[in-house]
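What follows is each chain in one-letter form.
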Amino acid sequence: MMHANASNFGLKEEIRDYWSKRSETFDRAFGHYIPEGPEFEAWAAAIREQLGPEPCRVLELACGTGEISKLLLALGHDVTALDFSEAMLAVARRKHEGRERLRLRLGDAENIMEPDNAYDAIVCRHLVWTLIAPEQAFADWYRVLKPGGRLLCFDGDWARPTRLGRVASRLIALIDRFGEADPYYDGAMSDRHAGIMTQLPFGNGLRQAELAPMLEKAGFKDIVVSSHRPIAAAQRRQANLRNRLRTYLYDRFIICCRK
């Protein structure tokens, strides 16, 4: 019998290959690497606010090169970090070699293959918009959380710039035209990125209003949406003009809910 998602196999492999090819330069692109200082502290504060001060057992999905893993470890959590790109995990392994309280594992965020009721929290950054089968994924995330466990997602609407973002985009284009282009901001693969987005359920934009009912359908409750602005403000403190403008491009948000 054909698997229900067999038609998506090609797309999933395309997504894996795209991110694998970006693995070696991923941390050089603005918004991916989290430097020590104001930005690190802003991310840490957002995680601490939602998960609380006590160390817990965290499953990080789509960990990439391990930047959010770095934050979770600094906050004292025990972390299982999962990604479906071996190339991304190779970077994370080099970055965190010898670190305790971290298990890096190759796996699919839509089919986690972890026990029921196993984790106190699930954390992900910029994952939800890439999901091929979001309802299936949310049900699986609900399954592996302990009763009372929290889901914490950092994401945004990457398909449609805000009104201010459209102005910022034009200014960035001028900087790129008359200055040195940024070779690490998606670069030559931007067309490939756009092609992938057209095939995704959230390819036209991930909006809070449609995400919350999907999480509720999976069983989550106490859904709280928080502002990403403190993190963006911290990013601007350490960025050049082009990257400061990039923090205004899209509507980014933090969403947390409970099993």
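Heads up: the structure comes first, above all this text.
Rules and cut-offs
Residues numbered from 1 in each chain as written. Predicted model: local features only at pLDDT ≥ 70, side-chain atom pairs only at ≥ 80, totals over all residues. Heavy atoms only, no water. Helix = DSSP H or I, 4+ residues; strand = E, 2+ residues; numbered from the N terminus. Rg over C-alpha atoms; globule rule 2.2 N^0.38 Å. Buried < 20%, exposed > 50% of the residue type's maximum accessible area, 1.4 Å probe, protein only. Contact = heavy atoms within 4.5 Å. Lys, Arg positive; Asp, Glu negative; His and termini not counted. Charge placed at Lys NZ, Arg CZ, Asp CG, Glu CD. Salt bridge = Lys/Arg side-chain N within 4 Å of Asp/Glu carboxyl O. Core = buried A, V, L, I, M, F, W, Y, C linked by side-chain atoms within 4.5 Å. Pairing = 2+ DSSP bridges. Axes fitted to C-alpha atoms, helices over the stretch in contact; angles between N-to-C directions.

**Student:** Help me understand the overall build of the chain in this model?
**Tutor:** Helices and strands together make up the secondary structure of the chain, namely ten helices and seven strands. Relative to its length of 259 residues, the chain is compact, with a C-alpha radius of gyration of 18 Å against a globular reference of 18 Å. The principal-axis extent of the C-alpha atoms belonging to the chain is close to 55 × 45 × 35 Å. Here the chain, with 259 residues, has 50% of them falling under the buried criterion. A separation of at least 24 residues holds for 78% of the contacts in the chain among residues at least 6 apart in sequence. For the chain, the distance from the average site of its 37 positive side-chain charges to the average site of its 35 negative ones is 4 Å.

**Student:** What am I meant to see in the pattern of salt bridges here?
**Tutor:** For side chains of opposite charge, pairing can occur when their charged atoms come near one another. By the definition in use, this model includes 22 salt bridges. Its salt-bridge partner being glutamate 210, residue arginine 207 comes within 3.8 Å of it at the nearest N-O pair. When its relative accessible area of 31% is taken as the criterion, glutamate 210 is described as partly exposed. What you see here is one network of salt bridges that share partners, running through Glu14, Asp17, Lys21 and Arg192.

**Student:** Before we go on, may I ask you to explain the side chain of threonine 80 in this structure?
**Tutor:** By the secondary structure assignment, threonine 80 is in strand β2 (residues 78–83). Classification of threonine 80 by relative accessible area gives buried; the value is 5%. Every residue in contact with threonine 80, bar those within four places of it in the chain, is listed here: Val58, Leu59, Glu60, Arg103, Glu114 and Tyr119.

**Student:** What exactly am I supposed to notice about the environment of alanine 139 here?
**Tutor:** Looking at where alanine 139 falls in the secondary structure, it is placed in helix α5 (residues 134–144). For the pair formed by alanine 139 and lysine 217, sequence separation is 78 residues and the distance between their alpha carbons is 8.6 Å.

**Student:** Please explain helix α3 (residues 67–74) as it appears in this structure.
**Tutor:** Along an α-helix, residues three or four positions apart point the same way, because every turn accommodates 3.6 residues. In terms of residue burial, α3 counts as a mostly covered element, since seven of its eight residues are buried. Turning to α3, its buried residues are Glu67, Ile68, Ser69, Lys70, Leu71, Leu72 and Leu73. Those residues of α3 that are buried lie in contact with α2 (38–51), β1 (57–61), β2, α4 (86–95), β3 (102–106) and β4 (119–125). Immediately beyond the C-terminal end of α3, within one or two residues, lies glycine 76, with a positive phi of roughly 95 degrees.

**Student:** It is not clear to me how unusual backbone geometry should be interpreted in this structure. Could you clarify?
**Tutor:** Leaving glycine out, the prevailing phi sign among residues is negative, and the prevailing peptide bond configuration is trans. The phi torsion at alanine 62 lies on the positive side, around 55 degrees, for a residue other than glycine. Summarising the element assignment, alanine 62 is placed in the loop between β1 and α3. With relative accessibility at 26%, the residue alanine 62 sits in the partly exposed group. One non-glycine residue, arginine 101, lies in the positive phi region at around 65 degrees. Tracing the chain through its elements places arginine 101 in the loop between α4 and β3. The class for arginine 101 is partly exposed, based on a relative accessible area of 37%.

**Student:** When you look at the nonpolar core in this model, what are you seeing that I'm missing?
**Tutor:** Inside soluble globular proteins, nonpolar side chains tend to come together where they are buried. If you look at the biggest cluster of nonpolar residues, it comprises 41 residues, and the most contacted ones within it are Leu61, Val128, Phe138, Trp141 and Leu151. Aside from chain neighbours lying at most four places away, what touches leucine 61 is Leu82, Ala109, Ile112, Ile122, Val123, Cys124, Leu127 and Trp141. In terms of nonpolar packing, the next biggest core, distinct from the first, is built from 30 residues, Ile47, Val79, Leu89 and Ala121 among them.

**Student:** Is there a simple way to explain the sheet that holds strand β5 (residues 145–157) in this structure?
**Tutor:** Note on sheets: strands pair through backbone hydrogen bonds, and any given pair is parallel or antiparallel. Spatial strand order, β3-β2-β1-β4-β5-β7-β6: seven strands in an open sheet with mixed pairing. With partners counted over all chains shown, the strands left at the sheet margins are β3 and β6 (221–227), one partner each. Ignoring which end each strand starts from, the neighbouring axes of this sheet average 15 degrees apart. The sheet contact formed by β1 and β2 spans five bridges and is parallel. Residue leucine 61 lies in a different strand from β2, and its bridge partner there is leucine 82.

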